[in-house]
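Architecture at a glance
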Amino acid sequence: MDKSLATLGMLLEKQNNLVLELLRLGEEELLALKADNLDELQEITGKQQVLSERLAVLEKERIALQTELADRLKLTGQLTLKELTDAELPGSEQVAAIGKTLKENFLKLKELNETNNLLIRQSLAYVNKMLRVVMTKSQATYGQNGQVTSSAQPSLKLDKSV
């Protein structure tokens, strides 16, 4: 197997492992969202951030390596894994298989993230609605020109003494 191709395979494997770890964290995030566990959510999102940054670095390396392979094969533009397989380099089928697995896992991660983001938006909308209900009451009055004006005032007075 070509050294660049072997390196590409290793990069794709590393990316797939990171995506699998992000999937695991996404499942934990879903459970934390359902349980309203904010501390756990913060911890999980911190871990996700670190893994996402590592994934971005690997992606840059992968693109550079595929560009190098495309130049060597005298192909224009970015080399896709399908083009790599079509070039019939020894070992390209294994690399393409790893790429296919990575793509499938990435799609699962994307779907899970969409679900988690929906739950977060729903929770935020609920919190905002409750804040509006608890914190304001509107007082409508007539202004000098006869128009109705309203002013929002806190509806609750909290005892801040201890």
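Please refer to the structure higher up on the page.
Treat the numbers as computed from the prediction; the structure is a model and nothing was measured. (Residues numbered from 1 in each chain as written. Predicted model: local features only at pLDDT ≥ 70, side-chain atom pairs only at ≥ 80, totals over all residues. Heavy atoms only, no water.)

1. Structural notes on the environment of L41
Rules: Going along the chain from the N terminus, every DSSP run of H or I of four or more residues is numbered as a helix, and every run of E of two or more is numbered as a strand. Residues are treated as being in contact if the distance between any of their heavy atoms lies within 4.5 Å.
Tracing the sequence through the fold places L41 in helix α2 (residues 38–72). Linking L41 and L30, residues eleven residues apart in sequence, is a C-alpha distance of 9.0 Å. Residues within four places of L41 in sequence aside, it is in contact with E29, A32 and L33.

2. With respect to the pattern of salt bridges
Formally: By salt bridge we mean one thing: a side-chain nitrogen of Lys or Arg within 4 Å of a carboxyl oxygen of Asp or Glu. Classification of residues uses two cut-offs on accessible area relative to the type maximum, computed with a 1.4 Å probe and protein chains only: under 20% is buried, over 50% is exposed, and between them is partly exposed.
Summed over the entire model, instances satisfying the criterion amount to four salt bridges. Of the charged contacts, one joins R24 and E21 as a salt bridge, the two residues approaching to 2.4 Å between their closest N and O atoms. You can see R24 and its partner E21 sitting in helix α1 (residues 3–35), three residues apart, about one turn around the helix. On the accessibility criterion, R24 (37% relative accessible area) is partly exposed. On the basis of relative accessibility, which here comes to 29%, the residue E21 falls in the partly exposed class.

3. What about the nonpolar core?
Let me state the cut-off plainly: Joining through side-chain atoms within 4.5 Å is the link that ties buried Ala, Val, Leu, Ile, Met, Phe, Trp, Tyr and Cys residues into a set, and such a set is a nonpolar core.
Grouped together as the largest cluster of nonpolar side chains are 28 residues, with contacts concentrated most on L5, L8, L12, L69, L84 and V95. Within the residue set of this core, elements represented by two or more residues are α1, α2 and α4 (92–135). Setting aside residues no more than four positions away along its own chain, L84 makes contact with L5, L8, L69, L73, L79, L89, S92 and V95.

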